[in-house]
Amino acid sequence: MISFQPIGYVRSPYQDTKQVPKGLGAKHDAEGVLEIIPEFETGLADIEGFSHLIVLWFFDRVEGYELTAMPPSDDRPHGVFATRSPKRPNPIGLTVVEIIRRDGRSLLVRGVDMLDGTPILDIKPYLSSIPEEKLRRGWLAEAEERRKQG
């Protein structure tokens, strides 16, 4: 058995999953706060030097999982590991947010797509060495193309 303890909680404008933008063209520009538990505040040292963070979090309001998912951006089912569905064998979410500022153990960020009170498992600085021309978007690019044509 693997167990984790939250390092903090998300303060978000979203109380319900229906409020979170989803699908093609969804904009994630809502502001929120990553409130870190006092015992972990020292771990935030030097975080202000980064523009973006990867936030790993727990889908704490999801029960069970499905190995195929029907994403809002396509009318075809896909394997859950090729989607961002919350119904996963290990209900872990990943979001990239922009740091606006740090205030003690609170990080004001832009780009939250989590519900208010969501447990944070980890935070890492966003770094990528993958050139944009090498990135592929799989079925999502195909769905976007079909939408343009339809």
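Cut-offs used in this document
Note on numbering: residues in each chain are counted from 1, in written sequence order. Reporting of local features is limited, given that this is a predicted model, to residues whose pLDDT is at least 70; pairs of side-chain atoms are given and counted only at 80 or more, and all residues count toward the totals for whole chains, interfaces and linings. Side-chain numbers here rest on the full set of heavy atoms in the structure, without hydrogens or water. Here, the term nonpolar core denotes a set of buried Ala, Val, Leu, Ile, Met, Phe, Trp, Tyr and Cys residues that are joined through side-chain atoms within 4.5 Å. The cut-offs for exposure are 20% and 50% of the maximum accessible area for each residue type, with area from a 1.4 Å probe on protein chains only; residues under the lower value are buried, those over the upper are exposed, and the others partly exposed. Only DSSP runs of H or I with at least four residues qualify as helices, and only runs of E with at least two residues qualify as strands; both kinds are numbered from the N terminus onward. Contacts are assigned to residue pairs with any non-hydrogen atoms lying within 4.5 Å of each other. Pairs of N or O atoms within 3.5 Å make up the polar contacts considered here, provided that, within protein, one atom can donate a hydrogen while the other can accept it, and that residues adjacent in sequence are counted only when both atoms are side-chain atoms. Note on pairing: DSSP must find at least two bridges between two strands before they are called paired. Here an angle of 0 to 180 degrees is reported between the N-to-C directions of two axes, which are lines fitted to C-alpha atoms, with helices fitted over the stretch in contact. Counted as salt bridges are all cases of a side-chain nitrogen of Lys or Arg within 4 Å of a carboxyl oxygen of Asp or Glu.

Novice: Quick rundown of the nonpolar core? Include the residues and the values.
Specialist: Soluble globular proteins: nonpolar side chains tend toward being buried together. Counting residues in each nonpolar core, the largest one holds 22 residues, and the members touching the most others are Leu-34, Ile-47, Leu-53, Val-55, Leu-107, Ile-120 and Ile-123. Where this core is concerned, the elements lending two or more residues are β2 (31–36), β3 (52–58), β6 (92–103), β7 (106–110) and β8 (119–125). When residues of this core are assigned to their parent elements, the largest contribution, three residues, is made by β3. Among all residues touching Ile-47, those that are not within four sequence positions of it are Leu-53, Ile-99, Arg-102, Leu-107 and Ile-123.

Novice: So what about unusual backbone geometry? Which residues, and what values?
Specialist: Unlike most non-glycine residues, Asp-46 shows phi in positive territory, near 75 degrees. Within the element layout of this structure, Asp-46 appears in the loop between β2 and β3.

Novice: I'd like a description of the environment of His-52, backed by residues and values.
Specialist: Take His-52: it is sitting in strand β3. On the basis of relative accessible area, His-52 is assigned to the partly exposed category, the value being 28%. When the C-alpha positions of His-52 and Arg-105 are compared, they lie 17 Å apart, and in sequence the two are 53 residues distant. When near neighbours in sequence (up to four residues on either side) are disregarded, His-52 contacts Val-96, Val-97, Glu-98, Pro-125 and Tyr-126. A polar atom in the side chain of His-52 sits 2.8 Å from the side chain of Ser-51.

Novice: Quick one: what's the story with the pairing of β8, residue by residue and with numbers?
Specialist: The sheet contact formed by strand β1 (residues 8–11) and β8 spans two bridges and is antiparallel. Looking at β8, one finds that Tyr-9 is bridged to Pro-119. Looking at chain direction, β3 and β8 are connected through five bridges and run antiparallel. Among the inter-strand pairings, Leu-53 is bridged to a residue of β8, identified as Pro-125.

Novice: Give a description of the sheet that holds β1 that names residues and reports values.
Specialist: The sheet built from six strands closes into a barrel, its strands ordered β1-β2-β7-β6-β3-β8 with antiparallel pairing. Between one strand and the next, the sheet's axes are offset by a mean angle of 45 degrees, whatever the strand orientation. The pairing of β3 with β6 spans seven bridges and is classified as antiparallel. Paired with Leu-56 across the strands is Leu-94, a residue of β6.

Novice: Describe the pairing of β6, naming the residues involved and giving the relevant values.
Specialist: Where β6 lies against β7, five bridges are found, and the strand directions are antiparallel. Residue pairing in the sheet places Arg-102 in a bridge with Leu-107 of β7. Hairpin connection between β6 and β7: a loop of two residues separates the two successive antiparallel strands, and Gly-104 in this loop has a positive phi of roughly 65 degrees.

Novice: Can you explain the pattern of salt bridges? Please cite residues and give values.
Specialist: Taken as a whole and assessed by the stated rule, the structure comprises 13 salt bridges. For Arg-11, the salt bridge is made with Asp-116, and the minimal N-O distance between the two is 3.8 Å. Within this pair, whereas Arg-11 is found in strand β1, its partner Asp-116 is found in the loop between β7 and β8, the two being separated by 105 residues in sequence. With its nearest N and O atoms 3.5 Å apart, the salt bridge here joins Glu-142 to Arg-76. Of this pair, Glu-142 sits in helix α1 (residues 138–149) while Arg-76 sits in the loop between β4 (68–69) and β5 (78–79), and the two are 66 residues apart along the sequence. Residue classification places Glu-142 among the partly exposed positions, given a relative accessible area of 44%. Look at Arg-76 and you get partly exposed, because its relative accessible area is 32%. Linked by salt bridges that have partners in common, Asp-74, Arg-76, Glu-142 and Arg-146 make up one network.

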